[in-house]
Amino acid sequence: MKGLDEHSAPRVTKEGIRLHEPEDFAGMRRAGRVVAEILDALGPIVEPGVRTAEIDDFVRRRIEELGAVSATIGYKGYRHATCISVNHVVCHGIPGSEIPPSKHERRPRGNDILIDGDILNIDVTVIVDGWHGDSSRMYVAGRPKPYARRLIQVTHDALMKGIEQVRPGATFGDIGAAIQAHAEAAGCSIVRDFCGHGLGRVFHAPPNVLHYGRPGTGPRLQPGMFFTIEPMVNLGRPETQVLADGWTAITRDRSLSAQFEHSVGVTEDGCEIFTLSPAGLFHPTRR
């Protein structure tokens, strides 16, 4: 039987999930490292008084300097190199837009300036040689409140609990169940309106990676699957609301929300994380 070549049909599971070849891991490593290096560089920039538009401009320039392409600029009409989600913004916060105040927060209206104690998720996706690197992390402007610091910790650990389940023969339900169990044991809730996704040479592809579920359910993991795991964890209830801009999702009860995201690949005996921080800066309060 002839071996696979660039003209061969891709291998796909019955659920429509692409099974990549061993040589494809190298492309994902390159893309993952570029996005991780960009996120590493943001730590010193995120501080009170900085505008989210400035952060986005920095990321846009850095992507160009590294010879990559932004996957989000132009995606479904989106115009920015990042999504920046502050405090009770769950995901898809638009840089340069007014940061919506919470019920208990005094914040200048009409601007996108970070203030002391803000926590924010910055999500960046780049394309390198046709491969997508997709990752997001939490950052802190100034000093976080104790409950915000705890939420960040719970969310980070929930992600890692999910990644621990990634190996051939496990199921996507195993990933979601591990994340859900950890978050809910800490008194937090898992957002159900958004999920992780397959990726590779495309930005979004099957499967939908839910961050809740039951062990042993869903498709079984096989070597060559590439996908993101990106749990969103709320201090309050899990329900979300999308604002009039069509992108920004906030918690309905205006409680704080946090998110971490890695891109991973299923190997023959476990998992490879493509978006590890080269400088060990993935967790914002571990310096």
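Everything here concerns the structure above.
Residues numbered from 1 in each chain as written. Predicted model: local features only at pLDDT ≥ 70, side-chain atom pairs only at ≥ 80, totals over all residues. Heavy atoms only, no water.

Caption draft 1: Just the overall build of the protein, in detail. Helices and strands together make up the secondary structure of the protein, namely four helices and 17 strands. The dimensions of the protein, computed from C-alpha atoms along their principal axes, are 65 × 45 × 35 Å. For the protein, the residues scored as buried account for 53% of the 287 residues in total. For the protein, the exposed surface amounts to about 12,900 Å²; the carbon and sulfur share of it is 51%. In the protein, 33 side chains carry a positive charge and 35 a negative one; their mean positions are 5 Å apart. (Helix = DSSP H or I, 4+ residues; strand = E, 2+ residues; numbered from the N terminus. Buried < 20%, exposed > 50% of the residue type's maximum accessible area, 1.4 Å probe, protein only. Areas by Shrake-Rupley, 256 points an atom, 1.4 Å probe, with all protein chains shown as cover. Lys, Arg positive; Asp, Glu negative; His and termini not counted. Charge placed at Lys NZ, Arg CZ, Asp CG, Glu CD.)

Caption draft 2: Summary view of the nonpolar core. Within the largest apolar cluster, 33 residues are counted, with the highest numbers of intra-cluster contacts made by Ile119, Phe172, Ile175, Phe227 and Ile229. Per-element tally for this core: the top contributor is helix 3 (residues 146-163), with seven residues. Each residue touching Phe172, except ones within four places of it in the same chain, is listed here: Ile17, Pro207, Val209, Thr217, Pro219, Leu221, Met225 and Phe227. Within the second largest apolar cluster, 30 residues are counted, among which are Ile38, Leu39, Val46 and Val86. (Core = buried A, V, L, I, M, F, W, Y, C linked by side-chain atoms within 4.5 Å. Contact = heavy atoms within 4.5 Å.)

Caption draft 3: Spatial organisation of the packing of helix 3 against helix 4 (residues 172-185). As a packed pair, helix 3 and helix 4 sit with axes 8 Å apart at the nearest point and diverge in direction by 155 degrees. What the angle tells us is that helix 3 and helix 4 run roughly antiparallel. For the element pair helix 3 and helix 4, the recorded crossing hand is right-handed. In contact with Val154, Asp157, Ala158, Lys161 and Gly162 of helix 3, helix 4 contributes Ile175, Ala178, Ile179, His182 and Ala183. In the contact of helix 3 with helix 4, the residues fall into six nonpolar, two polar and two charged. (Axes fitted to C-alpha atoms, helices over the stretch in contact; angles between N-to-C directions. Parallel < 35°, antiparallel > 145°, perpendicular 65-115°, else oblique. Left-handed = near helix turned anticlockwise from the far one by under 90°. Nonpolar A, V, L, I, M, F, W, Y, C, P; charged D, E, K, R; others polar.)

Caption draft 4: Molecular detail of the sheet that holds strand 5 (residues 89-91). Pairing is antiparallel in the open sheet, where three strands are placed in the order 5-14-13. Bordering the open sheet on either side are strand 5 and strand 13 (240-242), each of which pairs with just one other strand. Each strand of the sheet is rotated relative to its neighbour by a mean of 40 degrees, with strand direction disregarded. Inspection of the sheet shows strand 13 paired to strand 14 (residues 249-251) by three bridges, in the antiparallel sense. Within strand 14, the residue paired with Gln241 across the bridge is Ile250. (Pairing = 2+ DSSP bridges.)

Caption draft 5: Region of interest: the side chain of Thr155. Residue placement: Thr155 occurs in helix 3. For Thr155, the residues in contact, after removing those within four places along its chain, are Pro231, Val233, Ala258, Gln259 and Phe260.

Caption draft 6: Quick look at the pattern of salt bridges. Within this structure, the stated rule accounts for ten salt bridges. Among the ionic pairs, Arg60 bridges to Asp56, the shortest N-O distance being 3.6 Å. One end of the pair, Arg60, and the other, Asp56, are both in helix 2 (residues 52-65), four residues apart, so they sit about a helical turn from each other. Of the residues examined, Arg60 reaches a relative accessible area of 29% and is grouped as partly exposed. (Salt bridge = Lys/Arg side-chain N within 4 Å of Asp/Glu carboxyl O.)

Caption draft 7: Expanded view of unusual backbone geometry. Here the amide bond leading from Pro206 into Pro207 is cis, since omega sits at 10 degrees, within 30 degrees of zero. With respect to the element layout, Pro207 can be found in strand 10 (residues 205-209). Of note in this structure, Lys76 is not a glycine but carries a positive phi near 50 degrees. Examined against the element boundaries, Lys76 turns out to sit in the loop between strand 3 (69-70) and strand 4 (83-86). Looking at Lys76, the relative accessible area reads 68%, which means it is exposed. You will see that His92, though not glycine, has its phi angle at about 65 degrees, which is positive. Note that His92 resides in the loop between strand 5 and strand 6 (119-128).

Caption draft 8: Summary view of helix 2. Relative to the 20 Å expected for 14 residues at 1.5 Å per residue, helix 2 spans 20 Å between its end C-alpha atoms, a close match to the ideal helical length. Buried within helix 2 we find Thr52, Ile55, Asp56, Val59 and Ile63. Down the axis of helix 2, the buried side of the element spans an arc of 95 degrees, and every buried residue falls inside it. Facing away from the buried side of helix 2 by over 90 degrees, the exposed positions are Glu64 and Glu65. Considering only its buried residues, helix 2 is in contact with helix 1 (24-40), strand 3, strand 4 and strand 6. Positive phi shows up at Gly67, right after helix 2, with a value of about 75 degrees. (Expected span 1.5 Å × (residues − 1). Arc of directions from axis to C-beta.)

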